[in-house]
Amino acid sequence: MKTCCYIERFATHDALTADPKKLVPDPMLRRRMSRVVKMGVLTALECLQGERIDAIVTATGFGCLADSEKFLRNLLERDEELLTPTPFIQSTFNTIGAQVAFLCGCRGSNTTFTHRGRSFESALLEASMLLAEGSARRVLVGAADERTPSQHRVMERMGLWRGREDGEGATFLLLSRVPSSESRACLTAIDFPDEPLDKEQIAVRYVADRVLCDDYALTGCYPTASARTLVHGIEALGGSVRRVAVCNSYLDNRPSIIVVACP
Amino acid sequence: MRIAVVGIGIISAAGMGIAQTLESLRAGRSGIVPEPSHLATRHRLPVGEVARSNAELSEALGVTGTNSRTALLGMTAAAEALADAGGSRSNTALVSATSVGGMDLTECFFEEFGADDRRGRLRLAAHHDCADSTLAIARYCGVDGFTTTLSTACSSAANALMTAVRLLRHGIADRVIAGGADALCRFTLNGFRSLQILDPAPCRPFDALRAGLNLGEGAAYLVLERADEATKMPYCCLAGFANANDAYHQTASSPEGEGDYLAMRWALERAGVMPEEVDYVNAHGTGTPNNDLAEGIALRRLFGERMPLFSSTKAITGHTLAAAGAVEAVFAALMLRHGEIYPNLRFAKPDSRTKLCPVTRYRRQPLCNVLSNSFGFGGNCASLLFTRAE
């Protein structure tokens, strides 16, 4: 499907520069955040730079795994008695989006998609529809997934790490309905082809000068790694590279394609 | 562009399928049982449990193999909705909401894995993520279009319906099956218990002495199409909706019910409906002291003294979490189609701060505009406005 909105800027957890204490001044709040929540919230706030937004759309393949596991283990070990609610509260899939809304006072639409390898693409599609229909002028969209020892172990036993590097990360992008002098890229399409495509086929179908497929050596393998790959794609724009297609086939599933072009 | 509801399907403590559900709603028969019989928990708490085992659900569906209870409930309701809409249509999308996904199976997996990470049947762990139940529903119903899963706690299914409308308006799908499914599991029962918001007795939404919610389970799906291309006489139209954030606290509602108020107000604005044109509100009304007060205050802010008729049907179904928005959207569709209102059970005395009295008996009443609220953790507030089909 064709889209037309602009990526004003982005932030990735692996390249955060701001001081977490400045982004989230309340030490209690910082301490309560699990790893994935902290990763997501800090990355979102760095991307936001205090700017007002109309909506927040987040994505996560697995959600708040560490907190879910903590509550589950306590429940089983303590035979369903004397449980503290904090990990349960924080295990909700929309925790990151909610915390960001709370910290930046955004009362607008706030949605979380969690659809395995298509979580981020779903969020991006929702964000682009919000912008296209005029429900929002600026939308913060992003993704976060954490690696936990149990999840690593289960997926290892399933044989999913053969030839893949396990990973985690958080990436947020600020989207705008209209371009500005700061715009980094134009988001021109999000697509879910019915059949697997090789790089050449993708380049032809989406008229792309460069095609970036999952590179788990670079991002590590996690359900929302394509958000990080998209940032690589945006950074690749310029010179003769006018249009980049990012292809995500998480765990060898049917591909999703995101196309960005020079603004 | 008007969006029509052309098919509905449901399974909850109120019954299996539309016909049985309608019977319970009209009779004001509560599906809350004193304690769960299918859920393996030590807690003897009232719940809105679906009166079928996983084996019975699987058999009725004709499926074999391991499926989470969420997936089984979801397949049951989505298949009914699709059949009600007259069968399949090409370019159909699925937007499904869930908050527990396959947690029931993960709990079993962890009983062994927790002690020794070489143990635990992987088959049980494979259904953990939220996408699993959605994909099972998509396969079962032969969905050929865009498929995704949404999870914003207790407002999830209402938000799934909003995304469905967008997919239709943007021409990404010609038909969308949207709704949600959540099964009872130890994780959520203990989670809400640890928050001390479960009523040890059957819940009493909006009553002055209300003491918490009863957890429920179920699934409900609606089939949406662009009204001018609708393949069937619609139940109603989904004319307005809004998702607003309270931006106040992770679990509690703000004292002035700001998010609740904004969601309702924006939903009306989007539909071009004035507050005095609303005939009935299906409240979120969980029965917790905090929710019902904040929602009551928001209702008073929006409607003042001209409060429309309202009720919370959670006294019948329990709180079905991510499915609730769709369960109650199905109720809204039935109310508009049949011109009737389903009661808020066990209400005796109004809260002195809001003085709100819900409809406590089934009544016949022609309706034009019905508002349906779903509010969730993370301050996520969703409101849907359904209008009569003509």
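Residues numbered from 1 in each chain as written. Chains lettered and ligands numbered in written order. Predicted model: local features only at pLDDT ≥ 70, side-chain atom pairs only at ≥ 80, totals over all residues. Heavy atoms only, no water.

Draft legend 1. Seen up close, the overall build of chain A. Counting secondary structure elements, chain A contains 11 helices and 9 strands. For 263 residues, the compact-globule formula gives about 18 Å, and the C-alpha radius of gyration of chain A, at 18 Å, lands near that figure. Taken over 263 residues, chain A has a buried fraction of 62%. Taking as baseline every contact in chain A between residues at least 6 positions apart, the subset at least 24 positions apart corresponds to 79%. Accessible area for chain A stands at about 10,400 Å²; split by element, carbon and sulfur atoms hold 49% of it. Across chain A, the centroid of the 32 positively charged side chains sits 4 Å from that of the 33 negatively charged ones. (Helix = DSSP H or I, 4+ residues; strand = E, 2+ residues; numbered from the N terminus. Rg over C-alpha atoms; globule rule 2.2 N^0.38 Å. Buried < 20%, exposed > 50% of the residue type's maximum accessible area, 1.4 Å probe, protein only. Contact = heavy atoms within 4.5 Å. Areas by Shrake-Rupley, 256 points an atom, 1.4 Å probe, with all protein chains shown as cover. Lys, Arg positive; Asp, Glu negative; His and termini not counted. Charge placed at Lys NZ, Arg CZ, Asp CG, Glu CD.)

Draft legend 2. The overall build of chain B, seen in detail. When you go through chain B residue by residue, the secondary structure sums to 12 helices and 15 strands. By the compact-globule yardstick of 21 Å for 390 residues, chain B fits well, its C-alpha radius of gyration being 19 Å. If one aligns the C-alpha atoms of chain B with their principal axes, the spans along those axes are about 60 × 50 × 40 Å. The contacts of chain B with a sequence gap of at least 6 include a subset with a gap of at least 24, amounting to 77%. Working note: accessible area of chain B is about 12,300 Å², and carbon and sulfur atoms make up 50% of it. Positive and negative side-chain charges of chain B, numbering 37 and 39 respectively, have mean locations separated by a distance of 4 Å.

Draft legend 3. Region of interest: the interface of chain A and chain B. Listed per partner, the contact involves 54 residues of chain A and 66 residues of chain B. With both sides pooled, the region where chain A packs onto chain B buries about 5,100 Å², and carbon together with sulfur makes up 60% of that total. The largest per-residue losses of area from chain A upon contact with chain B belong to Glu 80, Arg 107 and Arg 157 of chain A, which jointly make up 15% of the total buried on that side. Inspection of the region where chain A meets chain B yields 9 salt bridges. Between Asp 117 of chain B and Arg 153 of chain A there is a salt bridge whose closest N-O contact spans 3.2 Å. The set of elements that each furnish at least two residues to the side of chain A that touches chain B consists of helix H4 (65-77), helix H5 (86-90), helix H6 (95-104), strand S3 (110-113), helix H7 (119-132) and helix H8 (149-157) of chain A. If one sorts the elements of the side of chain A that touches chain B by residue count, H4 of chain A sits on top with 8 residues. Residue composition of the side of chain A that touches chain B, grouped by class: 24 nonpolar, 19 polar and 11 charged. (Buried area = accessible area lost by both parts, 1.4 Å probe. Salt bridge = Lys/Arg side-chain N within 4 Å of Asp/Glu carboxyl O. Nonpolar A, V, L, I, M, F, W, Y, C, P; charged D, E, K, R; others polar.)

Draft legend 4. Inspection of the domain arrangement of chain B at higher detail. All names here are of chain B. In terms of domain boundaries, chain B breaks down into domain 1 (3-229) and domain 2 (239-388). Each of domain 1 and domain 2 has a C-alpha centre, and these two points are 21 Å apart. Contact residues are listed per partner, giving 62 residues for domain 1 and 59 residues for domain 2. For the domain 1 and domain 2 pair, buried surface summed over both sides reaches about 4,600 Å², with 70% attributable to carbon and sulfur atoms. Contact with domain 2 buries area across many residues of domain 1, yet Leu 25, Phe 206 and Arg 210 alone supply 19% of it, more than any other trio. (Domains from an automatic or database assignment.)

Draft legend 5. Representation of the packing of H7 of chain A against helix H11 (residues 225-236) of chain A in the model. Residue and element names in this part refer to chain A. Two numbers describe how H7 lies on H11: the axes approach to 7 Å, and their chain directions differ by 65°. Residue-level inspection shows Phe 120, Glu 121 and Leu 124 of H7 in contact with H11, the latter providing Ser 226, Ala 227 and Leu 230. Along the lines of polarity and charge, the residues of the contact of H7 with H11 split into 4 nonpolar, 1 polar and 1 charged. (Axes fitted to C-alpha atoms, helices over the stretch in contact; angles between N-to-C directions.)

Draft legend 6. A look at empty space enclosed by the protein. Counted according to the given criterion, the structure contains 2 cavities of 30 Å³ or more. Here the largest cavity defines a volume of roughly 250 Å³. Considering the residues around the largest cavity, the lining is formed by 18 residues, among which Ser 91 of chain A together with Ser 99, Val 100, Phe 187 and Thr 188 of chain B are closest to the centre. Here the lining of the largest cavity gets 3 residues from one element, more than from any other, and that element is helix H8 (residues 186-194) of chain B. Within the lining of the largest cavity, the residues separate by chemical class into 11 nonpolar, 6 polar and 1 charged. Considered as a void within the structure, the second largest cavity measures approximately 60 Å³ in volume. Taken together, Val 36, Thr 58, Ala 59, Thr 60, Gly 63, Cys 64, Phe 93, Ile 96, Gly 97, Thr 112 and Ala 144 of chain A make up the lining of the second largest cavity. Of all elements in the fold, only strand S2 (55-59) and H6 of chain A reach the threshold of two or more residues within the lining of the second largest cavity. For the lining of the second largest cavity, a count of residues per class yields 6 nonpolar, 5 polar and no charged. (1 Å grid on protein atoms, 1.4 Å probe; cavity = no way out; pocket = protein on both sides within 12 Å on 5 of 7 lines; lining within 4 Å. Points joined across faces, edges and corners; volume = space filled by probe spheres on them.)

Draft legend 7. Examining the nonpolar core more closely. Counting 95 residues, the largest nonpolar core has Phe 120 of chain A together with Leu 224 of chain B as the members making the most contacts within it. When residues of this core are assigned to their parent elements, the largest contribution, 10 residues, is made by helix H12 (residues 324-338) of chain B. The residues that make up this core include at least three from each of domain 1 (3-229) and domain 2 (239-388) of chain B. Those residues in contact with Phe 120 of chain A that lie beyond four places of it in its chain are Ala 59, Val 141, Gly 142, Ala 143, Leu 173, Thr 224, Ser 226, Ala 227, Leu 230 and Ile 258 of chain A. (Core = buried A, V, L, I, M, F, W, Y, C linked by side-chain atoms within 4.5 Å.)

Draft legend 8. Looking closely at helix H4 (residues 103-113) of chain B. Judged by how many residues are buried, H4 of chain B sits mostly within the fold: 8 of 11 residues are covered. Within the sequence span of H4 of chain B, burial applies to Met 103, Asp 104, Leu 105, Thr 106, Glu 107, Phe 109, Phe 110 and Phe 113 of chain B. Buried residues along H4 of chain B sit against H4 and H8 of chain A together with helix H2 (54-61), helix H3 (69-84), helix H5 (122-125) and H8 of chain B.

Draft legend 9. Focus on the packing of aromatic side chains. This model, assessed by the stated rule, comprises 13 aromatic pairs over all chains. Considering the side-chain rings of Phe 88 of chain A and Phe 377 of chain B, the 6.2 Å spacing of their centres and the 80° angle between planes classify their relative orientation as edge-to-face. Of this pair, Phe 88 of chain A sits in helix H5 while Phe 377 of chain B sits in the loop between strand S14 (369-376) and strand S15 (380-388), which puts the two residues in different chains. Under the relative-accessibility criterion, Phe 88 of chain A is labelled buried at 4%. Given the relative accessible area of 9%, Phe 377 of chain B is considered buried. Ring centres 5.3 Å apart and planes at 65° place the aromatic pair Phe 110 of chain B and Phe 113 of chain B in the edge-to-face group. Here Phe 110 of chain B pairs with Phe 113 of chain B, and both are found in helix H4, just 3 residues apart, close to one helical turn. (Phe/Tyr/Trp six-rings, centres within 6.5 Å; stacked < 30°, edge-to-face > 60°.)

Draft legend 10. Geometry of the confidence of the model for chain B. Considering every residue of chain B, the mean pLDDT works out to 97; 100% of them sit at 70 or more. Here the prediction assigns the complex a pTM of 0.98, and the interface score ipTM is 0.98. (pLDDT = per-residue confidence, 0-100.)

Draft legend 11. Spotlight on the state of the cysteines. With the rule as written, the count across this model stands at 0 disulfides over all chains. There is no disulfide at Cys 106 of chain A, and the cysteine sulfur nearest it, in Cys 104 of chain A, is 5.1 Å away. You can call Cys 106 of chain A buried: its relative accessible area is 3%. With no disulfide of its own, Cys 154 of chain B lies 11 Å from the sulfur of Cys 381 of chain B, the closest cysteine sulfur. On the basis of relative accessibility, which here comes to 6%, the residue Cys 154 of chain B falls in the buried class. (Disulfide = S-S within 2.5 Å.)

Draft legend 12. How the structure looks around the pairing of strand S4 (residues 92-97) of chain B. Residue and element names in this part refer to chain B. In terms of burial, S4 is a largely internal element, 6 of the 6 residues being buried. Going residue by residue along S4, you find Thr 92, Leu 94 and Ser 96 tucked away on one face and Ala 93, Val 95 and Ala 97 tucked away on the opposite face as well. Note that S4 and strand S6 (residues 175-182) share 6 bridges and pair parallel. Directly across from Thr 92, in S6, lies its bridge partner Arg 175. (Pairing = 2+ DSSP bridges.)

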